[in-house]
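Chain by chain, the residues run as shown.
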Amino acid sequence: MFREILGQDKAIEILKRAIELDKIANSYLFFGPEGVGKFTTALYFGMALNCHATLDKRPCGACASCKKFLTFSHPDFLFIFPFPKDPNKPDISIDREIKSEKILEEYKAYIDNKIETPWKEFFFPKNVGIRIASIRMLEHRIQLSPNEGNYKICIIENAEEMTTQAANAFLKTLEEPPEDTIIILTTSKPSSLLPTIVSRCQKINFFPVPRELIEKKLEENKSLENIEAKMYARIANGNMEKGLRLVEEGRIESREQTVEFLRILITRNDLQFLEFVNHYRTSKTQSKLAEIITHLIIWISDISYFQNYPTEIINLDKTDMLETLYQSNTNVDEYASDLINFLEEMLLKLEGHVNPQLILIVIYNKLSKTFFT
Ligand SMILES: [Zn+2]
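Note that the coordinates shown come from a computational prediction; the quantities given were computed from them, not determined experimentally. (Residues numbered from 1 in each chain as written. Predicted model: local features only at pLDDT ≥ 70, side-chain atom pairs only at ≥ 80, totals over all residues. Heavy atoms only, no water.)

Participant: Please explain the overall build of the chain as it appears in this structure.
Facilitator: Regarding its fold elements, the chain presents 16 helices and seven strands. Projected onto the principal axes, the alpha-carbon positions of the chain cover approximately 75 × 50 × 35 Å. As displayed, the chain offers around 19000 Å² of accessible surface, 49% of which is attributable to carbon and sulfur atoms. Within the chain, the 53 negative side-chain charges are centred at a point lying 4 Å from the centre of the 46 positive side-chain charges. (Helix = DSSP H or I, 4+ residues; strand = E, 2+ residues; numbered from the N terminus. Areas by Shrake-Rupley, 256 points an atom, 1.4 Å probe, with all protein chains shown as cover. Lys, Arg positive; Asp, Glu negative; His and termini not counted. Charge placed at Lys NZ, Arg CZ, Asp CG, Glu CD.)

Participant: So what exactly am I meant to see when it comes to the pairing of strand β2 (residues 77–80) here?
Facilitator: The two faces of a sheet get side chains in turn, since along a regular strand they alternate between them. Burial along β2 is two-sided: the residues F77 and F79 and L78 and I80 are all buried. Bridging between β2 and strand β5 (residues 152–156) involves four bridges; their strand directions are parallel. From the neighbouring strand, I80 faces β5, where its bridge partner is I156. (Buried < 20%, exposed > 50% of the residue type's maximum accessible area, 1.4 Å probe, protein only. Pairing = 2+ DSSP bridges.)

Participant: Teacher, can you tell me more about the sheet that holds β2 here?
Facilitator: In a beta sheet, neighbouring strands pair by backbone hydrogen bonds and run either parallel or antiparallel. With parallel pairing, the five strands of this open sheet are ordered in space as β2-β5-β6-β1-β7. Of all the strands in the sheet, the pair left with one neighbour each is β2 and β7 (202–205). Each strand of the sheet is rotated relative to its neighbour by a mean of 20°, with strand direction disregarded. Set on the sheet, helix α2 (residues 38–50) makes contact with β1 (27–31), β2, β5 and β6 (181–187); between it and β6 the angle comes to about 170°. (Axes fitted to C-alpha atoms, helices over the stretch in contact; angles between N-to-C directions. Contact = heavy atoms within 4.5 Å.)

Participant: Please explain the environment of R200 as it appears in this structure.
Facilitator: If you trace the backbone, R200 turns up in the loop between α7 (195–198) and β7. Using a relative accessible area of 35% as the deciding quantity, one classes R200 as partly exposed. In the structure, R200 is positioned 65 residues away from L265 in sequence and 55 Å away in space, judged by C-alpha atoms. Within polar-contact distance, the side chain of R200 engages the side chain of E175 at 3.5 Å. (Polar contact = N/O pair within 3.5 Å; in protein donor to acceptor, adjacent residues only side chain to side chain.)

Participant: How should I be thinking about the packing of aromatic side chains in this particular structure?
Facilitator: Remark: the centre distance and the inter-plane angle together describe each pair of aromatic rings, the angle taken between the planes. Under the criterion given, the structure shown has 21 aromatic pairs. Where F39 meets F79, the ring centres are 5.1 Å apart and the plane angle is 45°; that geometry is what we call tilted. On the criterion of sequence distance, the pair formed by F39 in helix α2 and F79 in strand β2 is long-range, its members being 40 residues apart. Neither F39 nor F79 differs from the other in exposure class; each is buried. Relative to Y364, the ring of F261 has its centre 6.0 Å away and its plane inclined at 75°; by these criteria the two rings are edge-to-face. Note that F261 is positioned in helix α11 (residues 253–267) and Y364 in helix α16 (residues 356–372), a separation of 103 residues in sequence. Since its relative accessible area comes to 5%, Y364 is described here as buried. Following the ring pairs from residue to residue traces out a cluster consisting of F39, F69, F72, F77, F79, F81 and Y110. The side chain of K114 reaches across the aromatic face of F39, ending 3.9 Å from its centre. The aromatic ring of F342 is capped on one face by K366, whose charged end is 5.2 Å from the ring centroid. (Phe/Tyr/Trp six-rings, centres within 6.5 Å; stacked < 30°, edge-to-face > 60°. Lys NZ or Arg CZ within 6 Å of the ring centre and 35° of its normal.)

Participant: Which parts of the structure should I look at to understand a negative patch on the surface?
Facilitator: Together, D9, E13, E20 and D56 make up a region of like negative charge exposed at the surface. Here E20 is to be found in helix α1 (residues 9–21). On the accessibility criterion, E20 (51% relative accessible area) is exposed. (Patch = residues over 30% accessible without salt bridge, like charges linked within 9 Å, V, L, I, M, F, W, Y side chains within 5 Å. Salt bridge = Lys/Arg side-chain N within 4 Å of Asp/Glu carboxyl O.)

Participant: Would you mind showing me how to read the coordination of the zinc ion here?
Facilitator: Ideal geometry at a metal centre: 109.5 degrees between donors when four sit tetrahedrally, and 90 or 180 degrees when six sit octahedrally. At the metal site, the zinc ion is ligated by C51 (SG), C60 (SG), C63 (SG) and C66 (SG), and these contacts range over 2.3 Å. Geometry at the zinc ion is tetrahedral, judged from its four donor atoms and the angles of 103 to 117° they form at the metal. Binding-site remark: the zinc ion is held by donors from one chain whose sequence spacing is C-x8-C-x2-C-x2-C. Here the residue C51 occupies a position in the loop between α2 and α3 (64–70), and C66 occupies one in helix α3, the gap between them amounting to 15 residues. (Donors = N, O, S within 2.8 Å, 3.2 Å for Na, K, Ca; no water. Tetrahedral: all angles 85-135°; square planar, octahedral: opposite > 155°, others 65-115°.)

Structural data, given as structure tokens:
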């Protein structure tokens, strides 16, 4: 099943070797960007350690142990993740009872999502954290000897969300781990963890997934046209989860918005532009605008390929617009890289919480100047 995880050969090689040589560390830190398979790898690693199949087939995904892992019902599988706190009720109590019904519902939704699609991020509506009650529950459960498997597997997802109190309590568990317990922390922000926690774990680095692999994976989805797979893979920018999510959500609105933006630019309809800009007044539109800017970067590179490398073009169904833009200013070698740098800078500004509307106006002016003066 490790083969399902794309672009993390190095990490998987290390883990497989550890299993083959029976040299398993007590605690691991899986770190790297979001959406590249850290959790799924942790899950499969835990499965492999308890799988009943022959060594080369682990994890098989089919034996009794694997099946229980895949449904999150294995008694030796502990899973801790950042979790909203109910302001009116205490945390999860020591006996693992969740007191608040609403939070229990969210908790179940989270687990269901993980069973269905382990790779997929689930967003809680409220502020989340890993609190001391969860760590106490963990301590309590790893004191019991394994019920079924060879190892107790404990995954702590997004471990950087541990509160200071929780992190300090957890440190004690890490200092004296029971032999049969394997703890795997996942994080995309290792610098937010206590250095004393980091230093006690074997670190496994995860990397952005190469674009070709995301593209290949997305192409498996038969309803997707090749050009869409290319586009989503480009926007996903190394984040496999994002790519899969974009496909699942159907045609991305941001592409249509980008085409609309360019149409307004080409017709130089300033009035329509003001209307367009109006949709990007609040900071909530930040991620939408970020997608549009990424699309614009693809458009600019398409324009630069227009004359000499037409096979590289991604927006193949919009060649008429590409041609209009190209013909408006054929000095593409001079302005393409400049524009792409400029757009990347705008992306950074957007992340730095500059008003989206303002950024959109700056982009509009810059593109108008490049193509139409
Ligand atoms: Zn198995």
